[in-house]
Amino acid sequence: MKRTRLAYPYIFVWMPLFIVAPMLFVAYYAFFDNGTFTTEYVKQVFSSTTYLPALWNSIWIALATTAVCLLAGYPVAYILSNMKKRTAALLSILFIMPMWMNMLLRTLAWKIILYDDGIVATVLSWFGATDVQLIYTPGAVLIATIYDFLPFMILPIYTTLIKIDRSHIEAAHDLGANGLNTFLRVVLPQSVPGIISGITMVFVPAMSTFAVSTMLGGKKIVLFGQLIEEKFLINKSFGVGSTLSLVLIILVIISMVIMRRADRDEAGKEEPSGEKVRQILKGSVPRHCRAVYVSSHCGNARYVVHRFAFGCNMERILVRCIHCAFLRRRCYGCIADNAARCSDF
């Protein structure tokens, strides 16, 4: 009850003033002109040949940014999750440090780097590439956007990966799965919540960005956020600007609902037990390997027992506790296909 009360200022003060009220103003200016209801602004937005192409530019920039951030961020997060905590924490700070700087300053830095006489152009000129246009291109906008939002993809995935129970990975290895099968069937499915969070944190702000395209895209690439800024600050056309804002808000809400539903579906799935890991890996376990579970000596987990057949008269029994990594190996003659003999362990 006390924790609920702490949320009262946010629910009854912050949300009405800074979330609900601005959205109501946007809706009012989009559908009312001097107090009279009108749909003229909506017709103007959807009939124009300027607004919809800008919306498409924003969507594909956001999708490309999200895809590249996921492809580049997941391996980084995976590597960090397998490092020592102190080393991983130090490297994580290096990824976060650029976020301490203002976004406009970071974008300005990229403008200096990509300019015609900048560092990249100078290096390319050494190899004979003298007519390469870097600044004021879609590529420049995409590079700077990826740079700005990459940490938002790495951090949630890293947080999810370090929470994965390592005994599941050990059980998968004990059941004969190689590194690729273990990653695809055990690690990747359990990291989906972090992936969904990262996609949400990258896609939504990337679709509404406008400062990057203004500074690095020039007039060659116009994003939806640029048009909204132009309508409000330059043209003073609050009706059209509010309609454009409303369209963007609806798209953002739709994307968040989709991500929320996917996250809820993943949250509803139970964590895989040792038996579940064995079932997940069914088909990748060698045929000569049979896995059974017996009680653990440490009381906190179960033994994963491998039977590797080395002919009709001999089997090697590998016993590994997936909780404390306790190992025993014993060789027997022909052993009956049941777990009773394993109770001695």
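Anything mentioned here points back to the structure above.
This write-up is about the structure you can find in this document. (Residues numbered from 1 in each chain as written. Predicted model: local features only at pLDDT ≥ 70, side-chain atom pairs only at ≥ 80, totals over all residues. Heavy atoms only, no water.)

**Considering unusual backbone geometry**
And then number 1: Positive phi values are uncommon outside glycine, yet Tyr136 reaches one of about 60°.
And then number 2: The phi angle at Lys236 is positive, at roughly 55°, despite the residue not being glycine.
And then number 3: One can find Lys236 in the loop between α13 (224-234) and α14 (238-267). (Helix = DSSP H or I, 4+ residues; strand = E, 2+ residues; numbered from the N terminus.)

**So, the side chain of Thr137**
And then number 1: Within the fold, Thr137 resides in the loop between α7 (119-126) and α8 (138-161).
And then number 2: You can call Thr137 buried: its relative accessible area is 17%.
And then number 3: A distance of 2.7 Å separates a polar side-chain atom of Thr137 from the backbone oxygen of Leu134. (Buried < 20%, exposed > 50% of the residue type's maximum accessible area, 1.4 Å probe, protein only. Polar contact = N/O pair within 3.5 Å; in protein donor to acceptor, adjacent residues only side chain to side chain.)

**Considering the packing of helix α4 (residues 51-81) against α13**
And then number 1: Taken N-terminus to C-terminus, the directions of α4 and α13 make an angle of 130°; their axes are 7 Å apart at the nearest point. With respect to α13, the axis of α4 lies oblique. Contacts from Tyr51, Ala54, Leu55 and Ser58 in α4 reach Phe224, Gly225, Leu227 and Lys231 in α13. (Axes fitted to C-alpha atoms, helices over the stretch in contact; angles between N-to-C directions. Parallel < 35°, antiparallel > 145°, perpendicular 65-115°, else oblique. Contact = heavy atoms within 4.5 Å.)

**Digging into helix α9 (residues 166-174)**
And then number 1: Within α9 the residues assigned to the buried category are Ser167, His168, Ile169, Ala171, Ala172 and Asp174.
And then number 2: Positive backbone phi, at 95°, marks Gly176, one or two positions downstream of α9.

**Some points on the layout of surface pockets**
And then number 1: Size it by volume and the second largest pocket reaches roughly 200 Å³.
And then number 2: Lining the second largest pocket, in full, are Thr214, Gly218, Lys219, Val222, Gln226, Leu227, Glu229, Glu230, Leu233 and Ile234.
And then number 3: The element contributing the most residues to the lining of the second largest pocket is α13, with six residues.
And then number 4: Grouping the constituent residues of the lining of the second largest pocket by class yields four nonpolar, three polar and three charged. (1 Å grid on protein atoms, 1.4 Å probe; cavity = no way out; pocket = protein on both sides within 12 Å on 5 of 7 lines; lining within 4 Å. Points joined across faces, edges and corners; volume = space filled by probe spheres on them. Nonpolar A, V, L, I, M, F, W, Y, C, P; charged D, E, K, R; others polar.)

**What to know about the packing of aromatic side chains**
And then number 1: Tallied over the entire structure, the rule returns 12 aromatic pairs.
And then number 2: Summarising the aromatic geometry, the rings of Tyr28 and Phe32 are spaced 5.1 Å apart at their centres and angled 10° between planes, so their arrangement reads as stacked.
And then number 3: In this structure Phe32 comes out as partly exposed when scored by relative accessible area, which is 30%. (Phe/Tyr/Trp six-rings, centres within 6.5 Å; stacked < 30°, edge-to-face > 60°.)

**A short note on the side chain of Gln226**
And then number 1: Tracing the sequence through the fold places Gln226 in helix α13.
And then number 2: Residues contacting Gln226, with those up to four places away along its chain left out, are Phe210, Ser213, Thr214, Gly218 and Ile221.

**With respect to the nonpolar core**
And then number 1: The biggest cluster of nonpolar side chains holds 48 residues, and the ones touching the most others in it are Tyr51, Ile157, Leu161, Leu216, Phe224 and Leu244.
And then number 2: Elements represented by at least two residues in this core include exactly α3 (40-47), α4, α6 (103-114), α8, α11 (192-208), α12 (211-216), α13 and α14.
And then number 3: Tallying contributions element by element places α8 first for this core, with 11 residues.
And then number 4: Excluding residues within four positions of it along the chain, Phe224 makes contact with Tyr51, Ala54, Leu55, Ser58, Leu244, Val247 and Leu248. (Core = buried A, V, L, I, M, F, W, Y, C linked by side-chain atoms within 4.5 Å.)

**With respect to the pattern of salt bridges**
And then number 1: One pass over the structure, following the stated rule, counts one salt bridge.
And then number 2: Among the salt bridges present, the one from Asp148 reaches Arg106, with a minimum N-O distance of 3.0 Å. Of this pair, Asp148 sits in helix α8 while Arg106 sits in helix α6, and the two are 42 residues apart along the sequence. (Salt bridge = Lys/Arg side-chain N within 4 Å of Asp/Glu carboxyl O.)

**Brief notes about the environment of Met259**
And then number 1: Assignment of secondary structure puts Met259 in helix α14.
And then number 2: Spatially, the C-alpha atom of Met259 lies 7.9 Å from that of Ser197, the residues being 62 residues apart in sequence.

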